Amino acid sequence: MVGQNIMRNLIVHTPSKPGNLGKVTTVIGAHGGDIGDIKTLKVGTLTTIRDITCTVEDATVLDTIVKSINALGNGIEVRAISDDVLKAHEGGKIHMTSRMDLHSIEDLRRVYTPGVASVCEEIQRSPEKASYYTSIGNTVAIVTDGTAILGLGNIGPVAGMPVMEGKAVLFDQLAGISGVPILLDTSDPDEVVETVKHISQGYGGILLEDIGSPHCFEIEERLKEDLSIPVMHDDQHGTAVVTLAATLSACRYAGVDIKDAVVGQIGLGAAGLAICRMLMAYGVSEVYGTDPQESAVMRLRQYGGNVLNSIEEVMAHCDIVIATTGVKGLIDPSLVREGQIILALSNPYPEISPEDAIAAGAAYAADGRLVNNILGFPGIFRGALNANAKDITYPMLVAAAEALVECTRHGDLVPPPLDHNVHKIVAKAVERIALKEMVHEG
Ligand SMILES: NC(=O)c1ccc[n+]([C@@H]2O[C@H](COP(=O)([O-])OP(=O)(O)OC[C@H]3O[C@@H](n4cnc5c(N)ncnc54)[C@H](O)[C@@H]3O)[C@@H](O)[C@H]2O)c1
Ligand SMILES: O=C(O)C[C@H](O)C(=O)O
Ligand SMILES: [Mg+2]
């Protein structure tokens, strides 16, 4: 559903009689509202109160829905509309907490002065003990310059903070990692690299997030080169891992060897170029891409990809089409061919909705809510930190993608993002490869 832009909660009162909820949901659906959760807040003898989560295209549609529900009459009424998304963000989504309780002066002396001094000295004598006696080894900096926040563009790091806090929530809940947002007021690669290098000793890893192309490429390459902790640009490699997993599953259902698949990538920025590179490195021989920016197209050529001139050409030529342009509704349903696989991954709005793609003949279709790097970065970093890896390598990323395929139920493209077991399996697979690589190096 392209354009399902706003989510609101409708507090609806109905007389406590069967059939009234049905009337309300019918009205919402008839006007194009997408119903999420329905919570019953109160069942009284006379009145039932429900909280209905509803996603709609814009405020006008919402207004029409509310008026139409109220027009049902007979005591059916929308009593309040609340914005639960904004409410959930009040005060921010994260908070640094202590792992120790302070109950006594003794606790204080152990946790803080003077006891703490001996731990400082211990680390001074043996710096490697910092990973044991501090939280550094389990903390990842989430670094952004705010230049490519989702598909919203260059809205700046402060406006992008809710996304960074979101990534920290996912790190914590899915991988037990502390994620600390770092907002940079510069996009200059020299300055970004210098700044991140200067703060890096406080972290076990660096997740670069929503840094736009092309400067993201240089920044990531230089930081990987200069730092001896794992560095990964999520929008490049986290996305590529999950997309490879989805592509592997899709090929399996279509009975096609991924190496023989004809893949087209629309948008060759951070996500798109990394997806192409990942698929080519995995052995897909026919990878095509398109992008209005000549420099983006040149980069694809450099890595051995083929260039097509338009979206129409990609849609006409490729069996699997992946889009990461940030442009809502870019793919016209008339371009979709029977049996095609369409992954329209831009957030918050896909290039074509899965429903429209399927209706137009696609065999499989997904958007960026489903095929999302949430399935990649938490487990990848958990595995890398567990192994004490100095880098995140291509074999570690492939292991993550293959672990995701293993966890995918038949008929789905990727596993459910909130299944903690999935993230554990990804982490284990990444850790195994990291340890193997370290043995080879050592
Ligand atoms: N689902 C996920 O997990 C996931 C992960 C990363 C990025 N994304 C989404 O992908 C989108 C792009 O992110 P990014 O970090 O790669 O941004 P980016 O700015 O680096 O890249 C966007 C690219 O799309 C190109 N583009 C714009 N209009 C186009 C058009 N009409 N045809 C072809 N190409 C076009 C641009 O020239 C640019 O090269 C965003 O919406 C983001 O939310 C999704
Ligand atoms: O944040 C997401 O949902 C995925 C991705 O990192 C994006 O930028 O869209
Ligand atoms: Mg991102």
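Definitions and limits used
- Residues numbered from 1 in each chain as written.
- Chains lettered and ligands numbered in written order.
- Predicted model: local features only at pLDDT ≥ 70, side-chain atom pairs only at ≥ 80, totals over all residues.
- Heavy atoms only, no water.
- Buried < 20%, exposed > 50% of the residue type's maximum accessible area, 1.4 Å probe, protein only.
- Helix = DSSP H or I, 4+ residues; strand = E, 2+ residues; numbered from the N terminus.
- Pairing = 2+ DSSP bridges.
- Right-handed = clockwise from strand over helix to strand, strands pointing away.
- Axes fitted to C-alpha atoms, helices over the stretch in contact; angles between N-to-C directions.
- Contact = heavy atoms within 4.5 Å.
- UniProt positions renumbered as here; feature names shortened; annotations may be inferred.
- Near = heavy atom within 4 Å.
- Polar contact = N/O pair within 3.5 Å; in protein donor to acceptor, adjacent residues only side chain to side chain.
- Areas by Shrake-Rupley, 256 points an atom, 1.4 Å probe, with all protein chains shown as cover.
- Domains from an automatic or database assignment.
- Nonpolar A, V, L, I, M, F, W, Y, C, P; charged D, E, K, R; others polar.
- Phe/Tyr/Trp six-rings, centres within 6.5 Å; stacked < 30°, edge-to-face > 60°.
- Lys NZ or Arg CZ within 6 Å of the ring centre and 35° of its normal.

(A) Quick peek at the pairing of strand β9 (residues 262–266). Here β9 lies mainly inside the structure; five of its five residues are buried. As paired elements, β9 and strand β10 (residues 286–290) share five bridges and run parallel to each other. Opposite G264, over in β10, you have Y288 as the bridge partner. A crossover links β9 with its parallel partner β10, the connecting element being helix α11 (residues 270–282), and its sense is right-handed.

(B) Seen up close, the sheet that holds strand β2 (residues 34–43). The strand order across the open sheet built from four strands is β2-β3-β1-β4, with neighbouring strands paired in antiparallel fashion. Of all strands in the sheet, those bounded by a partner on one side alone are β2 and β4 (77–82). The average undirected angle you get between the axes of adjacent strands in this sheet is 25 degrees. Strand direction decides the pairing type here: β2 and strand β3 (residues 47–56), joined by seven bridges, are antiparallel. Paired with T40 across the two strands is R50, which belongs to β3. Docked against the sheet, helix α2 (residues 59–71) engages β1 (6–15), β3 and β4, running at close to 5 degrees with respect to β1.

(C) A look at the UniProt feature "domain: ACT" (unreviewed entry) in the protein chain. Look at the UniProt record and you will see "domain: ACT" (unreviewed entry) annotated at residues 9–83. Each end of residues 9–83 is marked by a C-alpha atom, and these two atoms are 6 Å apart; helix forms 32% of the span and strand 44%.

(D) Spotlight on the site of ligand 1. Taken together, 27 residues lie around ligand 1, and S213, T239, A271, D291 and N373 are the ones closest in. Note that an oxygen atom of ligand 1 is positioned 3.3 Å from one of the backbone N or O atoms of G151. Coverage of ligand 1 by the protein amounts to 87% of the 850 Å² it exposes when considered alone. Breaking the shell around ligand 1 down by element, the ones donating at least two residues are α10 (234–254) and α11.

(E) Quick look at unusual backbone geometry. The step from T113 to P114 runs through a cis peptide bond, and the omega angle for that step is 5 degrees. Among the structural elements, P114 can be located in the loop between α4 (105–111) and α5 (115–125). A positive phi angle, near 50 degrees, is found at N74, a position not held by glycine. Within the secondary structure, N74 sits in the loop between α2 and β4. What makes N74 exposed here is its relative accessible area of 67%. Even without glycine at this site, D210 takes up a positive phi of about 55 degrees. Structurally, D210 is set in the loop between β7 (205–208) and α9 (215–226). Taking relative accessible area as the criterion, D210 reaches 1% and is therefore assigned buried.

(F) The arrangement of the domain arrangement of the protein chain in detail. Partitioning the protein chain into domains gives domain 1 (6–88) and domain 2 (105–231). Its C-alpha centre places domain 1 at a distance of 42 Å from the equivalent point of domain 2.

(G) View of the site of ligand 2. By nearness alone, every residue bordering ligand 2 is listed as L150, K167, E209, D210, D234, D235, N347, N372 and N373. At a separation of 3.0 Å, an oxygen atom of ligand 2 approaches a polar side-chain atom of D210. Here D235 contributes a side-chain N or O atom positioned 2.9 Å from an oxygen atom of ligand 2. With the chains in place, 82% of the 270 Å² that ligand 2 exposes on its own is no longer accessible. Residues belonging to the shell around ligand 2 are distributed by class as follows: one nonpolar, three polar and five charged.

(H) Fine view of the pairing of strand β14 (residues 364–367). Strand direction decides the pairing type here: strand β13 (residues 341–344) and β14, joined by four bridges, are parallel. Paired with I342 across the two strands is A365, which belongs to β14. Taken together, β13, helix α14 (residues 354–359) and β14 constitute a β-α-β crossover, and its handedness is right-handed.

(I) Highlighting the packing of aromatic side chains. Considering all chains together, one arrives at four aromatic pairs under this definition. Between Y132 and Y133, the aromatic rings sit 5.1 Å apart at their centres with planes inclined by 70 degrees, giving edge-to-face as the arrangement. Given the relative accessible area of 65%, Y132 is considered exposed. Of the residues examined, Y133 reaches a relative accessible area of 43% and is grouped as partly exposed. Among the aromatic residues, those joined into a ring-pair cluster are F171, F377 and F381. Between the NZ or CZ atom of K328 and the centre of the ring of Y349, over which it lies, the distance is 5.1 Å.

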